[in-house]
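Examination of the molecular architecture
Residues per chain are reported as follows:
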Amino acid sequence: MFVPYLFASKDDKEKRSIAESFYEKNLRNRRYSDSQNPEEWCNRYLSNVNGKSYSYKDVVCALPTELMELKEFLDHEHFRSNDDKNDLNSPLEYIKNRLYEDMAQDAMIFLHETVSGKVCPYCNRNYVYVDGRIKGCDFDHYLPKSKYPLFAASFYNLIPACPICNRFKKDELFYFFPHKEYDYDALPHFRVWLKADDYMTNIESIEIEIDCRKCADFEKDINRLKLGTLYKAHRDIVQEVLICKETYSERYLSELAESFERNGLTKERMMEIVYNIPSSPEQFLDKPLSKLRYEVWYMN
Ligand SMILES: [Zn+2]
């Protein structure tokens, strides 16, 4: 639940170069009619965004921080009222309805392969997977394309997300942005408590909630995705982790660790294999429900 992509962090130069490859592959050779030309639109309206001018290529390749700057700029500019509506909207409608929709499946695969993570960053419950024949992944527009059509084909605005989250999120603008860097402590966490001692055999004795007391800004997003309700259905996983925690003896574990070491495997690897607990938050996007398992083990 709410796992940002920062953990596979690349620096800005690398991020830009990935976005530029995306542009080269999919959009560089595109020809536009005069009325639809996004370059013209950008020349006209984005020539001075806090002192910087943006071409359409810059908009497609904008880093996450630049995307947010552009969004702020569009939110505050009042150019809309001064221009002919059709003239203004045509390139934006074109980006939203044709450019994005026409991007080949190859573009989607490229995007999927270069953005780290096999699991949806919003729910951490479902795999997101794409190849030439199977599409198990939607692309959420972080800045919704209905409100910000300019960013409909911008690389860092396209978030590989599971179809369930994409459907619930719809056109909502979220506080949580998977490309933003957060302190781990600043993200919402799971809180588990036991109502009775029979929790190993009775799942009804286990309660779970998503704790937003220290990060209320996320609460609206979590409610929108119905994550509180969805995670109640994963009390079996909580129970599994608690049973492992309670029943495996120290002696058994140290014997096991030795055996792993003899085979050239670390204790962290043992944790992953025996308990199914990721050794660090960097691994949360490798397997579904990793954040839940990790937090039940280490934080509850
Ligand atoms: Zn999801």
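Analysis parameters
- Residues numbered from 1 in each chain as written.
- Predicted model: local features only at pLDDT ≥ 70, side-chain atom pairs only at ≥ 80, totals over all residues.
- Helix = DSSP H or I, 4+ residues; strand = E, 2+ residues; numbered from the N terminus.
- Buried ≥ 20, exposed ≤ 12 C-beta atoms within 10 Å, placed from the backbone.
- Contact = placed C-beta atoms within 7 Å.
- Domains from an automatic or database assignment.
- Nonpolar A, V, L, I, M, F, W, Y, C, P; charged D, E, K, R; others polar.
- Expected span 1.5 Å × (residues − 1).
- Core = buried A, V, L, I, M, F, W, Y, C linked by C-beta atoms within 7 Å.
- Axes fitted to C-alpha atoms, helices over the stretch in contact; angles between N-to-C directions.
- Parallel < 35°, antiparallel > 145°, perpendicular 65-115°, else oblique.

Another aspect to go through is the overall build of the chain. Within the chain, the secondary structure is distributed over 13 helices and four strands. With respect to the three principal axes, the spread of C-alpha positions in the chain is 75 × 40 × 35 Å. Looking at the 300 residues of the chain, the share that counts as buried comes to 33%. Looking at the chain alone, contacts between residues at least 24 apart form 67% of all its contacts between residues at least 6 apart.

So, on to the domain arrangement of the chain. Often the size quoted for an interface is simply the accessible area lost on bringing the parts together. Domain parsing of the chain yields domain 1 (5-169) and domain 2 (184-299). Placing the centre of domain 1 and that of domain 2 at their C-alpha centroids yields a distance of 34 Å. Taken together, the contact between domain 1 and domain 2 spans 15 residues of the former and 15 residues of the latter. A per-class count over the side of domain 1 that touches domain 2 returns eight nonpolar, four polar and three charged.

With 13 residues, helix α11 (residues 250-262) should reach 18 Å at 1.5 Å per residue; the first-to-last C-alpha distance of 18 Å fits that figure. G264 sits one or two residues past α11 and shows a positive phi near 75 degrees.

Counting 66 residues, the largest nonpolar core has V59, V60, C120, C123 and F155 as its most contacted members. Structurally, this core is a two-domain feature, drawing no fewer than three residues from each of domain 1 (5-169) and domain 2 (184-299). Apart from residues lying up to four places away in sequence, C120 is in contact with R125, N126, V128, A161, C162 and C165.

Phi is positive for F2, close to 50 degrees, though the residue is something other than glycine. Within the fold, F2 resides in the segment before α1 (12-26). With 24 C-beta atoms counted inside 10 Å, the residue F2 sits in the buried group. With a phi angle near 55 degrees, K226 is a residue other than glycine that sits in the positive phi range. Along the chain, K226 turns up in the loop between α8 (219-224) and α9 (227-232).

Attention now goes to the packing of α1 against helix α6 (residues 105-114). α6 packs onto α1 with a crossing angle of 170 degrees between their chain directions and a minimal axis gap of 10 Å. Here α1 lies roughly antiparallel to α6, going by the angle between them. Contact residues: I18, F22, K25 and N26 in α1; A107, F110, L111 and T114 in α6. Classifying every residue of the contact of α1 with α6 by side-chain character gives five nonpolar, two polar and one charged.

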